[in-house]
Amino acid sequence: MTVVTTVALGILAIAGGLCLVRLVRKGSVADRIVALDTLLVIVVSGIAVFSVRRGDGVYLDVLVVTALLGFVGTATVARFIDRRGA
Amino acid sequence: MTDFIAASLLLAGVALALVASIGLHRLPDLFSRMHAATKPATLGLVLTLTGVVIGLGDLSAGVKLGVVIIAQFITAPIGAHLIGRSAYAAGTELSPDTLVDKAVSDALGGTTAAPGSESGN
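Residues numbered from 1 in each chain as written. Chains lettered and ligands numbered in written order. Predicted model: local features only at pLDDT ≥ 70, side-chain atom pairs only at ≥ 80, totals over all residues. Heavy atoms only, no water.

**So, the overall build of chain B**
Spelled out, the test is: Numbered from the N terminus, helices here are DSSP runs of H or I no shorter than four residues, and strands are runs of E no shorter than two. Exposed residues in this analysis have more than 50% of their type's maximum accessible area, buried residues have under 20%, and partly exposed residues fall in between, with area computed by a 1.4 Å probe over protein chains only. Every residue pair with non-hydrogen atoms within 4.5 Å of one another is taken to be in contact.
A tally of helices and strands in chain B yields four helices and zero strands. Scanning chain B from its N terminus toward the C terminus, one meets helices and strands in the order α-α-α-α. Within chain B, the fraction of its 121 residues that count as buried is 41%. Pairs at least 24 residues apart make up 56% of the contacts formed inside chain B by residues separated by at least 6 positions.

What follows is the structure, given as structure tokens:
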């Protein structure tokens, strides 16, 4: 099981890196918030994989909060784009 | 046996996250990229978190992760819709190979397509 979680965390690291590259590249605000949203999902998956590796569900409460905060962030930026333009 | 199921679910969810971040780079315009970005948020999380519950095997983790899955299923589409609507309203350019710009064609009675492309379906 540890091998699988290591491989999973490795894949997530690559996915996270790709999202960061997407953040840095030229793009509108909306592109960046989409990349950030994906990065957040990757962090949530990472915490989940990490808690399997630890063998107990201590950190799973973090997932609930992070998932909802991600949505609040996306909605706020959407309002921001409305007012300011892309 | 359960470890095998948990491992395969975990890897499937994680692979979906990787595919989505690759999609962020390769897809032409914002709206197709958003299409890729919401996949791991819903299905990827379902796979990963089910794998976690099976891997951990205790009920309290299942309840917590059920809340996360339901929350994501509700919020991910709404968030994507919000971003798409405001980005479209702010005038982000569509990729050149867009066949039909639904919003414009609906507004104009459904005949014209996106500029510079024949109206397909």
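The discussion continues.
**Quick notes on the side chain of Ser 21 of chain B**
By secondary structure assignment, the location of Ser 21 of chain B is in helix α1 (residues 2-26). Every residue in contact with Ser 21 of chain B, bar those within four places of it in the chain, is listed here: Ala 15, Leu 18 and Cys 19 of chain A.

**A closer look at the pattern of salt bridges**
Which entries qualify depends on this criterion: Should a side-chain nitrogen of Lys or Arg be within 4 Å of a carboxyl oxygen of Asp or Glu, the pair is scored as a salt bridge.
In the structure shown here, the tally under the stated rule is five salt bridges over all chains. With a shortest N-O distance of 2.3 Å, Asp 31 of chain A and Arg 33 of chain B are connected by a salt bridge. One end of the pair, Asp 31 of chain A, is in helix α2 (residues 29-54); the other, Arg 33 of chain B, is in helix α2 (residues 30-56), on a second chain. Each of the two residues, Asp 31 of chain A as well as Arg 33 of chain B, counts as buried. With its nearest N and O atoms 3.2 Å apart, the salt bridge here joins Asp 56 of chain A to Arg 54 of chain A. On the basis of relative accessible area, Arg 54 of chain A is assigned to the partly exposed category, the value being 42%.

In short, geometric facts, not functional conclusions.
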